[in-house]
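Now for the letters of each chain:
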Amino acid sequence: MVKKVLVLGSGFVAKPVVDVLDSTDGIEVTVGCRTLAKAKALTAGTAASAISVDASDSEGLDAAVGEHDVVVSLIPYIHHADVVRAAIRQRKHVVTTSYISPALRALEPEIKAAGITVMNEIGLDPGIDHLYAVKIIDEVHRAGGKINSFLSYCGGLPAPEDSDNPLGYKFSWSARGLLLALKNQAQFWKDGSKQVVKSEDLMASAEPYFIMPGYAFVCYPNRDSTVFRDLYGIPEAKTVIRGTLRYQGFPEFVKVLVDMGLLKEEPHSAFTQAQPWSAALAAYLGAKSASQEHLVAAIDARTSWKSQADRERIIAGLSWLGLLSDELIAPAGNPLDALCASLEQRMQYEEGERDMVCLQHKFDIEWADGSTETRTATLIDYGRPSGYSSMAATVGYPCAIATRLVLEGAISGPGLIAPYTPEVIEPIMRELKDKYGIYMKEKTT
């Protein structure tokens, strides 16, 4: 019997999901986007069909969901609850790559009553990170050991040879999404106590993180890590930190952007018209004039520098971004969106360039006999020539595998599910490694 899958969204991770499912016997794929042309572009060269569907149109969404067995929601997470409500009404399963949100958690009684499975957190981060965390923690606990410390850091970055701009970063997704993530405070367990880093201090908290000699990484904590002591079943852990990897120099640069107020979403008259960036910044920062000398003086007054060399590097970077020049801003109405437009214009991947994903877990283990071990699990993956980016592959492949397993009933609820148990993670891990060569290498250090 043919099973039907509706993939909502046309972002960069959707292509491998569509391709994998479309090439699987017994599965018919439909891609739904608000813009029909985008859906058709995504299905080009496949047997998948394309439709126009808007998640905010409950009647149209219900009709589309009702014609399929599983809905893969790859649209922004704020719309997942609308998709799940439609799935509840139509009694259809859902798969997402996003964290289980409070809005979804509130729907769980209705999800269970409808008898449907809503599989979440099955991309890269969250996703592959869960698979190997759960695997190793389960192995340690089965052997009578305990986890004293768990660190997990992940970064989607340009390959080192293509990290050739002042931020050492390029966008394969929305600049706005990246910058807004930097406005979240971070919470984690450190040596038995709960630590909180305010959003404005996040970049200052970054520190070097060694994985391999060839990579100059820094790390900083990400959102709320405290919940993972319970989710991973490691109440004994004194330290639990999940965070982000970037290349060195990134946090200091972003800290200056934060200090300048360029990550604010509040409307400001300086950003309502297409005037030169120098004029807009002069008005926004209260500089004496739009000259570079006066703009730099205004920036100096708002921030602190790690060193004179760092000051020179970042000022040169601001100039490279066009922020001190006569280049016209996009009239976005607020500093954040004006900045995003400039970042996206200059920091895209060029033809022939590749991205890289780096993910590492580090476990401090105490065994039953009192001996200790530090174990790492590391994934370093590069974009494929003439194929998917690394980010698309490492998010899309796990999602496609999980979708097929939901269709087959190998992953089933009813209720909200995430990859936190061995029976859920094992088939996904096995297929990722055997079919796509994506896995984390374990090593005792």
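Owing to the predicted nature of the structure, the values given are computational and were not obtained by experimental measurement. Residue positions are given per chain, counted from 1 along the sequence in the order it is written. Per-residue local features of the predicted model are confined to residues with pLDDT of at least 70, and side-chain atom pairs are confined, for both listing and counting, to 80 or more; whole-chain, interface and lining totals are unaffected and use all residues. Side-chain measures were taken over the full set of non-hydrogen atoms in the model, leaving aside hydrogen atoms and water.

Participant: Could you give an account of the pairing of strand 4 (residues 70-73), naming the residues involved and the relevant values?
Facilitator: Burial classification: accessible surface area is computed with a 1.4 Å probe over protein chains only, and a residue below 20% of its type maximum counts as buried, one above 50% as exposed, and the rest as partly exposed. Only DSSP runs of H or I covering at least 4 residues are called helices, and only runs of E covering at least 2 are called strands; the numbering of each starts at the N terminus. Burial of the side chains of strand 4 extends over both faces: Val-70 and Val-72 are buried on one face and Val-71 and Ser-73 on the other. Bridging between strand 1 (residues 3-8) and strand 4 involves four bridges; their strand directions are parallel. When the bridges of strand 4 are listed, Leu-8 appears paired with Ser-73. Regarding the hand of the β-α-β motif, the stretch spanning strand 4, helix 4 (residues 80-90) and strand 5 (residues 93-96) is right-handed. For two strands to count as paired, DSSP must find a minimum of two bridges between them. A right-handed crossover is one whose linking path, passing over the helix from the first strand to the second, runs clockwise when the strands point away from the viewer.

Participant: Report on the packing of aromatic side chains, specifying residues and quantitative values.
Facilitator: A pair of Phe, Tyr and Trp rings is counted when the ring centres sit within 6.5 Å of each other, with Trp represented by its six-membered ring. The angle between the planes then sorts it: under 30 degrees is stacked, over 60 is edge-to-face, the rest tilted. Throughout the structure, instances matching the rule amount to 13 aromatic pairs. Ring centres of Tyr-153 and Tyr-209 lie 4.7 Å apart, and the angle between their planes is 55°; this geometry places the pair in the tilted category. Placement of the pair is Tyr-153 in strand 7 (residues 146-158) and Tyr-209 in the loop between strand 10 (207-208) and strand 11 (217-221), with a sequence separation of 56 residues. Looking at Tyr-153, the relative accessible area reads 6%, which means it is buried.

Participant: Summarise the environment of Ile-136; cite the residues concerned and give the values.
Facilitator: Positionally, Ile-136 belongs in helix 7 (residues 128-142). For the pair Ile-136 and Ala-377, spaced 241 residues apart in sequence, the C-alpha to C-alpha distance is 8.9 Å. We call two residues in contact when some of their heavy atoms are within 4.5 Å. Apart from residues lying up to four places away in sequence, Ile-136 is in contact with Phe-363, Arg-375, Ala-377 and Glu-442.

Participant: Tell me about the UniProt feature "domain: Saccharopine dehydrogenase NADP binding" (unreviewed entry) in the protein chain, and please be specific about residues and values.
Facilitator: UniProt's entry tags residues 5-119 with the feature "domain: Saccharopine dehydrogenase NADP binding" (unreviewed entry), counted in the numbering of this structure. Along residues 5-119, the helical share is 43% and the strand share 23%, with 14 Å between the first and last C-alpha atoms. UniProt positions are given in the numbering used here, feature names are shortened, and annotations may be inferred rather than shown by experiment.

Participant: Account for the environment of Ser-307, with residues named and values stated.
Facilitator: With respect to the element layout, Ser-307 can be found in the loop between helix 12 (292-302) and helix 13 (308-320). Overall, Ser-307 belongs to the partly exposed group, its relative accessible area being 34%. Sequence-wise, Ser-307 and Thr-403 are 96 residues apart; in three dimensions their C-alpha atoms are separated by 50 Å.

Participant: Break down the packing of helix 1 (residues 14-22) against helix 15 (residues 390-408) for me, with residues and values.
Facilitator: Packed helix pairs are specified by the crossing angle of their axes together with the interaxial distance, meaning the distance between the axes. Angles shown run from 0 to 180 degrees and are taken between the N-to-C directions of axes, each axis being a line fitted to C-alpha atoms and, for helices, limited to the stretch in contact. Taken N-terminus to C-terminus, the directions of helix 1 and helix 15 make an angle of 40°; their axes are 8 Å apart at the nearest point. Judged by the inter-axis angle, helix 1 sits oblique to helix 15. Crossing of helix 1 over helix 15 shows right-handed handedness. Counting all contacts with helix 1, which are made through Pro-16, Val-17, Val-20 and Leu-21, the residues of helix 15 involved are Ala-392, Gly-396, Tyr-397, Cys-399, Ala-400, Thr-403 and Arg-404. Throughout, the term roughly parallel applies to angles under 35 degrees, roughly antiparallel to angles over 145, roughly perpendicular to angles from 65 to 115, and oblique to all others. When the near helix sits turned anticlockwise from the far one by under a right angle, the crossing is termed left-handed; a clockwise turn instead gives a right-handed crossing.

Participant: Describe helix 7, naming the residues involved and giving the relevant values.
Facilitator: Working rule for helices: expected span equals 1.5 Å times residues minus one. Here helix 7 is 15 residues long and its end C-alpha atoms lie 21 Å apart, about the 21 Å a rise of 1.5 Å per residue gives. Taken as a whole, helix 7 has its buried residues at Ile-128, Asp-129, His-130, Leu-131, Tyr-132, Ala-133, Val-134, Ile-136, Ile-137 and Val-140. Directly after helix 7, the chain includes Gly-144, whose backbone phi takes a positive value near 85°.

Participant: Pulling in residues and values, what's your account of the pattern of salt bridges?
Facilitator: Between side chains of opposite charge, pairing is possible as soon as their charged atoms come close. One speaks of a salt bridge when a side-chain nitrogen belonging to Lys or Arg is within 4 Å of a carboxyl oxygen belonging to Asp or Glu. Inspection of the entire model under this criterion finds 27 salt bridges. Linking Arg-242 and Asp-129 is a salt bridge whose minimum nitrogen-to-oxygen distance equals 3.0 Å. With Arg-242 in strand 12 (residues 239-247) and Asp-129 in helix 7, this residue pair connects regions lying 113 residues apart in the sequence. Of the residues examined, Arg-242 reaches a relative accessible area of 5% and is grouped as buried. Its salt-bridge partner being Glu-408, residue Arg-404 comes within 3.0 Å of it at the nearest N-O pair. Here Arg-404 pairs with Glu-408, and both are found in helix 15, just four residues apart, close to one helical turn. The exposure class of Arg-404 is buried, given its relative accessible area of 18%. You can call Glu-408 exposed: its relative accessible area is 53%.

Participant: Which residues make up the domain arrangement of the protein chain, and what values go with them?
Facilitator: Domain parsing of the protein chain yields domain 1 (3-122 + 390-438), domain 2 (128-250 + 350-382) and domain 3 (254-346). Domain extents, as shown, originate in an automatic or database domain assignment. If you average the C-alpha positions of domain 1 and of domain 2, the two centres end up 26 Å apart. Taken together, the contacts link 17 residues of domain 1 with 21 residues of domain 2. Note on domain 1 versus domain 2: buried area summed over both sides is about 1700 Å², and carbon and sulfur give 69% of it. Throughout, the accessible surface (probe 1.4 Å) given up by two parts as they are put together, summed over both, is called the buried area. If you sort the residues of domain 1 by the area they bury against domain 2, Ser-390, Tyr-420 and Met-429 come out on top, with a joint share of 37%. Our count for the contact surface shared by domain 1 and domain 2 stands at zero salt bridges. Polar contacts, as counted here, are pairs of nitrogen or oxygen atoms within 3.5 Å of one another; within protein the pair requires one atom able to donate a hydrogen and one able to accept it, and residues that are adjacent in sequence qualify only if both atoms are side-chain atoms. Between domain 1 and domain 2 we count six residue pairs in polar contact (both at pLDDT 80 or more) in total. For the side of domain 1 that touches domain 2, the secondary-structure elements that each account for two or more residues are helix 15 and helix 16 (422-436). With five residues, the top contributor of residues to the side of domain 1 that touches domain 2 is helix 16. Gly is put with the polar residues, along with every residue not named as nonpolar or charged; the nonpolar set is Ala, Val, Leu, Ile, Met, Phe, Trp, Tyr, Cys and Pro, and the charged set is Asp, Glu, Lys and Arg. Among the residues making up the side of domain 1 that touches domain 2, the classes are represented as 13 nonpolar, three polar and one charged.

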